[in-house]
Every structure is written in C-alpha cells, then in structure tokens.
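Observations on the three-dimensional arrangement
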Amino acid sequence: MKRLTSAVRDSLKAQNWYGALFLTLALPDICTKLESPNSGSSGPRYRAWFDRYLRAVYTRDIMGRQTVFMTAGDCWALRCSVLHEGTDDVGEQRSRETLARFRFTTKGSHRIRIENVLVLDVASFCEEFCRAVETWAEDMKANDAVRHRMLSMIEVQSEPFTPYPGVSIG
C-alpha cells in the first residue's frame, strides 16, 4: 500500500490533481478487496471502510451540534461519479445521502459545506485518505492472508527483471 500512497503524494507534489484524486478514490476499493476478496459487491465494502476509517474525519462537533460533512454513501457516490463519469456532480447517484455536488480546490478551503455542496481542498482530501490507508495497513499487519494478497499487487518494474524464465527485460 505504501507504493500507492506514495504515488498519491508524489502526484500532489507534482500538482497532478486529477491523478492524485482518481487514485485516492480507488484506495478504499483496493483495501477492502485485499481484506475481503470474496465478499461480493464493492459498494457495501467501500462504505463500511469509510465508516471505519474516515467517518470521524468528516464529522465534527460545531457549537454543540454534530455536523456531518460527508457520509459513506456520499463518498461512494463521489467515487462512482469521478471514476466512471469524470464529474463531481453526485445528484444522480442512488447511493448519495446528503450531498448533490462536490467542488475541489487548490486554494486551501476544506470541508466547507454550503447546503448540499461540499468544498474540499484536493491535497487535504487525498492526504486524509492516505492516512486512513496507513491506519488500515497497520490494522492488517497481523493478518497473514491480507499481507499475502498484498504481495500480488501491481508493481511497475524500474529495474531489469525476468517476467518469464529465459526472458530478461531491461
């Protein structure tokens, strides 16, 4: 998972906002598939992961009232809209719960909710997810099955390698 969180952070440093955002939104899918490879549909897994690792980040006590900036269903709707449609409009997504649209910025404004629109600083959003993935990875440290499945994750080769006996690349 370190390769992927590093890729997000490298994208942020390079101001590759879309690359960082797309990979960030896919991270919970990857974590949940590694943890529960046979559990069926990714939507319920994704939402449960969000609730476990990010719900507290997107819920705040403001003047004695609990304010939810984004729910698991809203996050799943965002993931689906961005990854499959290239849009931040979640108004048509069945899984959305409280939001109709997200707006991403690089100007530092973060977790500003105006009616049913949530403004997020892209770097802060991505970093929150990276930290959640790191917490998840720490939770999975003792899970031999997850650690074994991590070994089969994609890896871009930057050194010479042998993909097949007798064949050398690089």
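Residues numbered from 1 in each chain as written. Predicted model: local features only at pLDDT ≥ 70, side-chain atom pairs only at ≥ 80, totals over all residues. Heavy atoms only, no water.

In this structure, the largest pocket spans a volume of roughly 270 Å³. Residue lining of the largest pocket: 13 residues in total, with Tyr-18, Leu-21, Asp-88, Arg-103 and Phe-104 positioned closest to the centre. Elements supplying a minimum of two residues to the lining of the largest pocket: α2 (17-35) and β3 (101-105). The dominant element in the lining of the largest pocket, judged by the number of residues it contributes, is α2, at four residues. (1 Å grid on protein atoms, 1.4 Å probe; cavity = no way out; pocket = protein on both sides within 12 Å on 5 of 7 lines; lining within 4 Å. Points joined across faces, edges and corners; volume = space filled by probe spheres on them. Helix = DSSP H or I, 4+ residues; strand = E, 2+ residues; numbered from the N terminus.)

The tendency in soluble globular proteins is for nonpolar side chains to be buried as a group. Counting residues in hydrophobic clusters, the biggest one holds 42 residues, and the most contacted among them are Met-1, Trp-49, Tyr-58, Met-70, Phe-102, Phe-125 and Trp-136. Elements represented by at least two residues in this core include exactly α1 (2-13), α2, α3 (42-53), α4 (72-85), β5 (117-121), α5 (122-140) and α6 (144-150). If one sorts the elements of this core by residue count, α5 sits on top with nine residues. In this structure, Met-70 is in contact with Phe-50, Tyr-58, Cys-75, Leu-99, Phe-102, Leu-118 and Phe-125, ignoring residues within four places of it in sequence. (Core = buried A, V, L, I, M, F, W, Y, C linked by side-chain atoms within 4.5 Å. Buried < 20%, exposed > 50% of the residue type's maximum accessible area, 1.4 Å probe, protein only. Contact = heavy atoms within 4.5 Å.)

Here we come to the pattern of salt bridges. Evaluated as defined, the whole model comprises 11 salt bridges. Between Arg-9 and Glu-134 there is a salt bridge; the shortest N-O distance is 2.6 Å. Placement of Arg-9 in helix α1 and of Glu-134 in helix α5 is noted, with a sequence separation of 125 residues between them. Given a relative accessible area of 33%, Glu-134 falls into the partly exposed group. Connected through salt bridges with shared partners, the residues Arg-9, Glu-127, Arg-131 and Glu-134 form a single ionic network. (Salt bridge = Lys/Arg side-chain N within 4 Å of Asp/Glu carboxyl O.)

This next bit is on α3. For α3, spanning 12 residues, the distance from its first C-alpha to its last is 16 Å, which sits close to the expected 16 Å at 1.5 Å a residue. Among the residues making up α3, those that are buried are Gly-43, Arg-45, Tyr-46, Trp-49, Phe-50 and Tyr-53. Down the axis of α3, the buried set is contained in an arc of 165°. They therefore lie on one face. On the buried face of α3, the contacting elements are α2, α4 and α5. (Expected span 1.5 Å × (residues − 1). Arc of directions from axis to C-beta.)

We now examine unusual backbone geometry. For Met-63, which is not glycine, the phi torsion reads 50° and is therefore positive. For Met-63, the location among the structural elements is in the loop between β1 (59-62) and β2 (65-68). Its identity as a non-glycine residue notwithstanding, Arg-111 has a phi of 55°, on the positive side. Positionally, Arg-111 belongs in the loop between β3 and β4 (112-114).

Before going further, it helps to examine the packing of α1 against α2. Taken N-terminus to C-terminus, the directions of α1 and α2 make an angle of 160°; their axes are 8 Å apart at the nearest point. Taken together, α1 and α2 sit at an angle that is classed as roughly antiparallel. Here the hand of the crossing between α1 and α2 comes out left-handed. Two secondary-structure elements touch here, α1 through Leu-4, Ala-7, Val-8, Ser-11 and Leu-12 and α2 through Trp-17, Gly-19, Ala-20, Leu-23, Thr-24, Leu-27 and Ile-30. Its residues assigned to classes, the contact of α1 with α2 shows nine nonpolar, three polar and no charged. (Axes fitted to C-alpha atoms, helices over the stretch in contact; angles between N-to-C directions. Parallel < 35°, antiparallel > 145°, perpendicular 65-115°, else oblique. Left-handed = near helix turned anticlockwise from the far one by under 90°. Nonpolar A, V, L, I, M, F, W, Y, C, P; charged D, E, K, R; others polar.)

Let's shift gears to a nonpolar patch on the surface. Together, Tyr-164, Val-167 and Ile-169 line one region of the surface with nonpolar side chains, adding up to about 290 Å² of accessible area. If you trace the backbone, Tyr-164 turns up in strand β6 (residues 161-164). (Patch = residues over 30% accessible without salt bridge, like charges linked within 9 Å, V, L, I, M, F, W, Y side chains within 5 Å. Areas by Shrake-Rupley, 256 points an atom, 1.4 Å probe, with all protein chains shown as cover.)

Turning next to the pairing of β2. One ladder, built from four bridges, connects β1 with β2; its direction is antiparallel. Each residue of the ladder has a partner; that of Asp-61, found in β2, is Gln-66. Remark: two residues form the turn of the hairpin made by β1 and β2, two consecutive strands paired antiparallel; Met-63 in that turn has positive phi of roughly 50°. (Pairing = 2+ DSSP bridges.)

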